[in-house]
Amino acid sequence: MRIQVAGAILLSTTQAFAQGEQSEFAACLDISNSSARLSCYDAAAGYVAPPSEDVVAPSWTLVEATDPMTGANVSRAFIEPNATSSRDAPAVLVIQCEREGPSSIYVWTEGFIGSQNRIRVQYRWADDDPISENWDPGTSGRSAFLPQNFRDFRRGLEAGGELVFEWLDFNGARSISTWDQVVLDDNALFALNGCESS
């Protein structure tokens, strides 16, 4: 007898809850915009989103090196992407000091993209529009160097934010990598400024 009474109370409570829930959600059914409809359902259900976690910028790794012939500082700083599409995708973004002149900026892979005349790249910084360029190939067929007279990539690097970078290899296959947050820290700035201490 107790089980029957408890069952009847549970059924009655469930039906009342379902009817109340339906009436609260009914207003959301007529909203055509998906985002607005989801917000309506969240409000009706009493959903409160957890606070968003800020993306922490990864630190640049500094590899110190000296040119054995000239004694020049040829150190480099690099960061790895948060996501890659394949083995041939960009594996590190590098800023390297040169024997003479300004630092080099390049992207390197563990795979092989070829050493054709130019490497076709496309990149997007933060919310900017994608930019397509032809970068200089590395002699190993594993890297693409930003030409010194190209300014857009360096401006984006200095401003920071998300970086999405794609290149076409010698077969025309696309590979892409994403850095969630790029910020120039002391190691990166040291390399960018020619490995000269301020």
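Quick notes on the rules
Think of each chain on its own: its residues are numbered from 1, step by step along the sequence as written. Reporting in this predicted model follows two pLDDT cut-offs: at least 70 for local features of residues, and 80 or more for side-chain atom pairs to be given and counted; totals over whole chains, interfaces and linings ignore these cut-offs and use all residues. Excluded from the side-chain calculations are hydrogens and water; all other atoms, namely the structure's heavy atoms, are used. Numbering of helices and strands runs from the N terminus, with a helix taken as a DSSP run of H or I at least four residues long and a strand as a DSSP run of E at least two residues long. Here's how the labels work: a residue is buried when its accessible area is under 20% of the maximum for its type, exposed when over 50%, partly exposed in between, all with a 1.4 Å probe on protein chains only. Here, residues are in contact when the closest pair of their heavy atoms is within 4.5 Å. All accessibility values rest on the Shrake-Rupley procedure with a 1.4 Å probe; residue burial counts only the protein chains present in the view. The aromatic pairing rule takes the rings of Phe, Tyr and Trp, using the six-membered ring of Trp, and pairs them if the centres are within 6.5 Å, calling planes under 30 degrees apart stacked, those over 60 edge-to-face and the rest tilted. When DSSP finds at least two bridges between two strands, those strands are taken to pair.

> I keep staring at the overall build of the chain and nothing clicks. Help me out?
Helix and strand content of the chain: four helices and 10 strands. Of the regular secondary structure in the chain, the N- to C-terminal order runs α-α-β-β-β-β-β-β-β-β-α-β-β-α. Within the chain, the proportion of its 198 residues that are buried is 31%. Pairs at least 24 apart in sequence give 49% of the contacts found in the chain among residues at least 6 apart. Roughly 12400 Å² of accessible area belongs to the chain as shown, and the carbon and sulfur atoms make up 50% of that amount.

> Which parts of the structure should I look at to understand the packing of aromatic side chains?
Each aromatic ring pair is summarised here by two numbers: the centre-to-centre distance and the angle between the ring planes. A complete count under the given rule lists 10 aromatic pairs for this structure. The interplanar angle of 25° and the centroid separation of 4.5 Å between the aromatic rings of Tyr106 and Phe145 together place this pair among those described as stacked. Highlighted residues: Tyr106 in strand β5 (residues 104-108) and Phe145 in strand β8 (residues 143-145), separated in sequence by 39 residues. Given the relative accessible area of 10%, Tyr106 is considered buried. When the ring of Tyr123 is compared with that of Phe153, the centres are 5.0 Å apart and the planes differ by 90°; the resulting orientation is edge-to-face. You can see Tyr123 sitting in strand β6 (residues 119-125) and its partner Phe153 sitting in helix α3 (residues 152-159), a full 30 residues away along the chain. Take Tyr123: its relative accessible area is 2%, and that puts it in the buried class. Ring-pair connections join several aromatic residues into one group, and the members of that group are Tyr123, Trp125, Trp135, Phe153, Phe165 and Trp167.

> Please clarify how the side chain of Ser143 should be interpreted in this entry.
Take Ser143: it is sitting in strand β8. Non-local contacts of Ser143, meaning those with residues more than four positions away in its chain, are made with Tyr106, Val107, Trp108, Ile113, Ile119, Asp136, Pro137 and Gly138.

> What should I look at first to understand the pairing of strand β10 (residues 174-182) in this one?
Along any regular strand the residues' side chains alternate between the sheet's two faces. Across two bridges, strand β3 (residues 83-84) lies against β10 in antiparallel orientation. For Ala83, the partnering residue across the bridge sits in β10 and is Thr178. Summarising the sheet, strand β9 (residues 161-168) and β10 pair through seven bridges and their orientation is antiparallel. Across the sheet, Gly161 pairs through a bridge with Val182, a residue of β10. Here β9 folds back onto β10 in antiparallel fashion, the turn holding five residues, of which Gly172 has a positive phi close to 85°.

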